[in-house]
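Given next are the chains, with one letter for each unit.
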Amino acid sequence: MEFTVQDKGHYTEVAANGRLNMVAAPKLRKVVDEVVAGGGKRIVVNLADTSFMDSSGLGALIGCLKLARQSGGDLRIAAVQPQVTMVLELTSMNRVLTPHAAADEAFRND
């Protein structure tokens, strides 16, 4: 899995490309940790190119959310694909990590 980070002005976008599984989960945590350490407060994980997520990937997203909130910020997800949506719904984590249609909509009303 590859991650790209872009400063979008009022938020930082972390685009995830590939499968968010036990191999990629630590990489996502590291990328978000670096964004937070660099002063990023609003983070959007763009999952448009993430076709698969397992429990390790879900755990990584929750850990990243916790990290962002502990630093006084927030983390949101966007462009969630069907399999990832299914995982979020089956675990009821879609209530905690509410998916947004696109990355630029995640912090639009804040």
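Attention in this report is confined to the structure presented alongside it.

Conventions we followed
Sequence positions are assigned chain by chain, starting from 1 and proceeding in written order. It should be noted that, the model being predicted, local features are given only for residues of pLDDT at least 70 and side-chain atom pairs only at 80 or more, the latter also being counted only at that level, while totals for whole chains, interfaces and linings use all residues. Working from all heavy atoms in the structure, the side-chain values ignore hydrogens and water. In this description, a nonpolar core means a group of buried Ala, Val, Leu, Ile, Met, Phe, Trp, Tyr and Cys residues linked to one another through side-chain atoms lying within 4.5 Å. For each residue, the accessible area found with a 1.4 Å probe, counting protein chains only, is set against the maximum for its type, and the residue is called buried under 20%, exposed over 50%, and partly exposed in between. For the purposes of this entry, the term helix denotes a DSSP run of H or I that reaches at least four residues, the term strand denotes a run of E that reaches at least two, and both are numbered from the N terminus. The contact rule is simple, with two residues in contact once any of their heavy atoms fall within 4.5 Å. Multiplying 1.5 Å by the residue count of a helix minus one yields the expected span of that helix. When we speak of the arc, we mean the arc of directions from the helix axis to the C-beta atoms. DSSP bridges decide pairing: two strands pair if at least two such bridges lie between them. Looking down the strands as they point away from the viewer, one classifies a crossover as right-handed if the path from the first strand across the helix to the second runs clockwise. For salt bridges, the criterion is a side-chain nitrogen of Lys or Arg within 4 Å of an Asp or Glu carboxyl oxygen. We define a polar contact as two N or O atoms separated by no more than 3.5 Å, with the added condition that, inside protein, one atom must be a possible hydrogen donor and the other a possible acceptor, whereas residues neighbouring each other in sequence contribute only through side-chain atom pairs.

**Here we look at the nonpolar core**
Next up, step 1: Core analysis: the biggest nonpolar cluster contains 29 residues, and Leu28, Leu61, Leu75 and Ile77 have the highest contact counts within it.
Next up, step 2: Listed by contribution, the elements that provide at least two residues to this core are strand E2 (12–20), helix H1 (25–37), strand E3 (42–53), helix H2 (55–70), strand E4 (74–78) and helix H3 (82–90).
Next up, step 3: Filtering out sequence-adjacent residues up to four positions away, leucine 75 remains in contact with Val32, Ile43, Val45, Leu61, Cys64, Leu65, Ala68 and Leu97.
Next up, step 4: If you look at the next biggest cluster of nonpolar residues, it comprises six residues, including Tyr11, Val44, Ala78 and Ala103.

**Notes on H1**
Next up, step 1: The end-to-end C-alpha distance of H1 is 18 Å, a good match for the 18 Å that 13 residues give at a rise of 1.5 Å each.
Next up, step 2: Listed as buried for H1 are Ala25, Leu28, Val31, Val32, Val35 and Val36. Buried residues of H1 fall within an arc of 135° about the axis and therefore sit on the same side. In H1, the exposed residues that point more than 90 degrees away from the buried face are Lys30 and Ala37.
Next up, step 3: Glycine 39, located one to two residues past H1, shows a positive phi value of around 100°.

**Side note on the pairing of E4**
Within a regular beta strand, the side chains point alternately toward one face of the sheet and then the other, so they alternate between its two faces.
Next up, step 1: Counted residue by residue, E4 has five buried out of five residues, so it is predominantly covered.
Next up, step 2: What you see with E4 is no split at all: Asp74, Arg76 and Ala78 on one side and Leu75 and Ile77 on the other are buried throughout.
Next up, step 3: The sheet contact formed by E3 and E4 spans five bridges and is parallel. Residue pairing for E4: arginine 42 is matched across the bridge by aspartate 74.
Next up, step 4: In this region the chain leaves E3, passes through H2 and returns to the parallel neighbour E4; the handedness of that crossover is right-handed.
Next up, step 5: This β-α-β element, E4 to H3 to strand E5 (residues 99–100), shows right-handed connectivity.

**Notes on the pattern of salt bridges**
Next up, step 1: Applying the stated criterion to the full structure yields five salt bridges.
Next up, step 2: With a shortest N-O distance of 3.8 Å, glutamate 13 and lysine 8 are connected by a salt bridge.
Next up, step 3: Salt bridges linked by common partners bring Arg69, Asp74 and Arg76 together as one network.

**Quick look at the environment of threonine 50**
Next up, step 1: Position of threonine 50 relative to the elements: it lies in strand E3.
Next up, step 2: Measuring from C-alpha to C-alpha, the distance between threonine 50 and alanine 15 comes to 8.9 Å, with 35 residues separating the pair along the chain.
Next up, step 3: Sequence-distant contacts of threonine 50, that is, excluding residues within four places in its chain, are made with Met1, Ala16, Asn17, Gly18, Leu20, Gln81 and Val84.
Next up, step 4: Within the structure, the side chain of threonine 50 is placed 2.9 Å from the backbone oxygen of alanine 16, a separation counted as a polar contact.

What is shown is where atoms sit, not what they do.
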